Amino acid sequence: MRRIVRLAVFFAVGAPTLVWAQATALRVGHLVDPEAGTAAANQVIVIQNGTFSAIGGNVAIPPGAEVVDLSQYYVSPGLVDAHNHLALTYKEEPEHNDYYLTSVLDSTALRAIQAVSNGITMLSAGFTVERDLGNNANYADTALRVGIEQGWVPGPTIINSGIIIGGFGGQFTPVPEREMLIYPEYLNADTNDEIIKAVRRNILFGAKIIKICVDCRPYGYSVDDMKLFVAEAAKAGLKVAGHVQTHPGAMRAIEAGIWSIEHSGALDDEAHKAMAQKGIWRVGTETPLTDYHTGNTPQAQNRYKRQEDGLRNAYANHVKMAFSTDADYYIPGMTRGQVVIDFLKSWKDADIPAKEILKIMTVNGYRVVDIYDKRGPIKVGLPADLIALRGNPLESIDTLRDVRYVMKDGIFFKKDGVMTPEKFFHSGPTPPGAWRIH
Ligand SMILES: [Zn+2]
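Here's a quick rundown of the structure. (Residues numbered from 1 in each chain as written. Predicted model: local features only at pLDDT ≥ 70, side-chain atom pairs only at ≥ 80, totals over all residues. Heavy atoms only, no water.)

## Re the overall build of the protein chain
1) Next: Within the protein chain, the secondary structure is distributed over 13 helices and 20 strands.
2) Next: Expressed along its principal axes, the backbone C-alpha trace of the protein chain runs to roughly 70 × 50 × 40 Å.
3) Next: Counting over 438 residues, the protein chain shows a buried share of 57%.
4) Next: Taking the contacts inside the protein chain whose residues are at least 6 apart along the sequence as the reference set, 68% of them involve residues at least 24 apart.
5) Next: Just so you have it, the protein chain exposes about 17800 Å², and 54% of that area is on carbon and sulfur atoms.
6) Next: Charge separation in the protein chain, taken as the distance between the mean sites of 44 positive and 48 negative side-chain charges, equals 6 Å. (Helix = DSSP H or I, 4+ residues; strand = E, 2+ residues; numbered from the N terminus. Buried < 20%, exposed > 50% of the residue type's maximum accessible area, 1.4 Å probe, protein only. Contact = heavy atoms within 4.5 Å. Areas by Shrake-Rupley, 256 points an atom, 1.4 Å probe, with all protein chains shown as cover. Lys, Arg positive; Asp, Glu negative; His and termini not counted. Charge placed at Lys NZ, Arg CZ, Asp CG, Glu CD.)

## As for the coordination of the zinc ion
1) Next: His-83 (NE2), His-85 (NE2) and Asp-326 (OD) make up the full set of protein donors to the zinc ion, lying at 2.0 to 2.2 Å.
2) Next: Of note, the donors binding the zinc ion are all from one chain and are spaced H-x1-H-x240-D. With a gap of 241 residues between them, His-85 in the loop between strand E7 (79-84) and helix H1 (99-105) and Asp-326 in the loop between strand E16 (321-322) and helix H10 (336-341) connect regions that are remote in the sequence.
3) Next: The exposure class assigned to His-85 is buried, which follows from its relative accessible area of 2%. (Donors = N, O, S within 2.8 Å, 3.2 Å for Na, K, Ca; no water.)

## Examining unusual backbone geometry
1) Next: Here the amide bond leading from Glu-93 into Pro-94 is cis, since omega sits at 10 degrees, within 30 degrees of zero.
2) Next: If you trace the backbone, Pro-94 turns up in the loop between E7 and H1.
3) Next: Of note, the amide linkage connecting Tyr-183 to Pro-184 takes the cis form, showing an omega dihedral of 10 degrees.
4) Next: Of note, Pro-184 is situated in the loop between strand E10 (164-166) and strand E11 (186-188).
5) Next: A positive phi angle, near 50 degrees, is found at Asp-416, a position not held by glycine.

## Some points on the sheet that holds strand E9 (residues 157-160)
1) Next: Within the open sheet, the three strands sit side by side as E7-E8-E9. Their pairing is parallel. Every other strand in the sheet has two partners, leaving E7 and E9 as the edge strands with one partner each. The mean angle between the axes of side-by-side strands here comes to 15 degrees, regardless of whether they run parallel or antiparallel.
2) Next: On top of the sheet, helix H2 (residues 108-124) reaches E7 and strand E8 (127-132); it is set at about 135 degrees to E8, its chief contact. (Pairing = 2+ DSSP bridges. Axes fitted to C-alpha atoms, helices over the stretch in contact; angles between N-to-C directions.)

## Quick look at the pattern of salt bridges
1) Next: On inspection of all chains with the given rule, the structure shows 24 salt bridges.
2) Next: One salt bridge in this structure joins Asp-309 and Arg-312, with 3.2 Å as the shortest N-O distance. Taken as a pair, Asp-309 and Arg-312 lie in helix H9 (residues 298-316) at a separation of three residues, close to a single helical turn.
3) Next: Judged by its relative accessible area of 32%, Arg-312 is partly exposed. (Salt bridge = Lys/Arg side-chain N within 4 Å of Asp/Glu carboxyl O.)

## Brief notes about the environment of His-247
1) Next: By secondary structure assignment, the location of His-247 is in helix H6 (residues 247-256).
2) Next: A relative accessible area of 26% means that His-247 is categorised as partly exposed.
3) Next: For the pair His-247 and Ala-234, spaced 13 residues apart in sequence, the C-alpha separation works out to 26 Å.
4) Next: For His-247, the contacting residues outside a window of four places in its chain are Ala-266, Asp-268 and Glu-270.

## Observations concerning the nonpolar core
1) Next: The biggest cluster of nonpolar side chains holds 89 residues, and the ones touching the most others in it are Ile-165 and Leu-400.
2) Next: Those residues in contact with Leu-400, other than ones at most four positions away along the chain, are Leu-79, Ala-125, Ile-341, Leu-344, Leu-358, Met-361, Ile-387, Leu-389 and Pro-393.
3) Next: By size, the runner-up hydrophobic cluster in this structure holds 17 residues, among which are Phe-52, Ala-384, Met-407 and Phe-412. (Core = buried A, V, L, I, M, F, W, Y, C linked by side-chain atoms within 4.5 Å.)

## Side note on a nonpolar patch on the surface
1) Next: Together, Leu-101, Val-104 and Leu-105 give the surface a local cluster of nonpolar side chains, amounting to about 260 Å² of exposed area.
2) Next: Here Val-104 is to be found in helix H1.
3) Next: Overall, the relative accessible area of 46% leaves Val-104 in the partly exposed class. (Patch = residues over 30% accessible without salt bridge, like charges linked within 9 Å, V, L, I, M, F, W, Y side chains within 5 Å.)

## Let's talk about H2
1) Next: Helix length check: H2 (17 residues) gives 24 Å between terminal C-alpha atoms against 24 Å at 1.5 Å per residue, within 8%.
2) Next: Within the sequence span of H2, burial applies to Arg-111, Ala-112, Ala-115, Asn-118, Gly-119, Ile-120, Thr-121, Met-122, Leu-123 and Ser-124.
3) Next: One or two steps after H2, the chain reaches Gly-126, where phi turns positive at roughly 100 degrees. (Expected span 1.5 Å × (residues − 1).)

## Structural notes on helix H4 (residues 192-204)
1) Next: Over its 13 residues, H4 extends 18 Å from the first C-alpha to the last, a length consistent with the 18 Å expected when each residue adds 1.5 Å.
2) Next: Along H4, the residues classified as buried are Ile-195, Ala-198, Val-199 and Asn-202. Along H4, the residues classed as buried sweep out an arc of 95 degrees about the axis, all on the same side. For H4, the exposed residues set more than 90 degrees away from the buried face come down to Asp-193, Lys-197 and Leu-204.
3) Next: Packing partners of the buried residues in H4 comprise E10, E11, strand E12 (210-213) and helix H5 (223-234).
4) Next: Just downstream of H4 lies Gly-206, where phi reads positive at about 100 degrees. (Arc of directions from axis to C-beta.)

## Section: the environment of Val-75
1) Next: For Val-75, the location among the structural elements is in strand E6 (residues 66-76).
2) Next: Val-75 sits 53 residues away from Thr-128 along the chain, and the two C-alpha atoms are 14 Å apart.
3) Next: Ignoring sequence-local partners within four residues, the contact set of Val-75 consists of Val-28, His-30, Leu-31, Val-32, Ile-45, Leu-70, Ile-378, Leu-386, Ile-387 and Ala-388.

Honestly, that's just the spatial picture; any functional story needs more than this.
What follows is the structure, encoded as structure tokens:
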């Protein structure tokens, strides 16, 4: 068997140390282009060494290639969840859905193992990219990313933040004698020196995006504080994502020019117009109204209506939007991937057309996680990630609820609805140089 091991370049977005035995050729019924909103019939996709090497209607299949018949399927680029926390799963039992208790009860090591499990279910649901924004104990998110990039376990490409940086206390409210419990869920950074140190600590320990708490406390970050975050992160080519929960916080974050605003509760027409003008990403995390989420009470219905109105307003104002969930909890009977894909409901209820939702879940996703030129689109030269569906997602977005095939880095992780992860595991030793991934 001819073994081809890719060693040369380890992108920040992750080039796993997988082994490809031969070329693969896919006969595709329809190839969906979410950017153009079109689907081309009867296409052939050739994959060599884990990357797309030829795509088109008249492409020669290399001799010896494994040919896979997807003529009955719509093939689309993989999906992106731009806001999740794979190393956090809080539950009714025992912590009453309070992640402060999860952080006390569960070790970083245990949470990293849980992150692997969550990541596998995300990949099975068609999510080939996931931006992971903190609340992962002591860098369990970096461990997950590196484990996937080393080729030890299957999972989405991870863009992780390391520890969330906030003013004293982060999002926690411990009692004074338990002050030490803020760390490692949050890094306190209140002065300029502390801000610079916190950003550098995250970069050193594997962050690919910096996540800050803009206004989790009454003493939230000022415009100048956030400009310092942006400048310090930029030295390493990183962007800054800000958790925002108040209107003044949103306006300060927009003025400071951070990359993305996380959560949408504080975003009104004024904020949306300012975001559209400055090109700031809206990572809204719109939770669907379901019995299992909210109990579907009148109060929950009102909250959901406000959320949907916000989504509509953002869409009308041409704000750059991402599909994002913040789905960091356990729902009995559902995997993390199933919980996440159910957020389609929020987008449908806001009357966003299927074509737009698909674009938001793919192209916008690659852009907000800042990998568009390196991974995501089905394009010659890029890593071969894709999904296959029974129907046309440009017409019916719910076809994404049943992803039949998932390919990651040129290897099928799922075939005909069944996970096939064998080729994603190896026990090392890692190829020369791979230990440098961190
Ligand atoms: Zn979150």
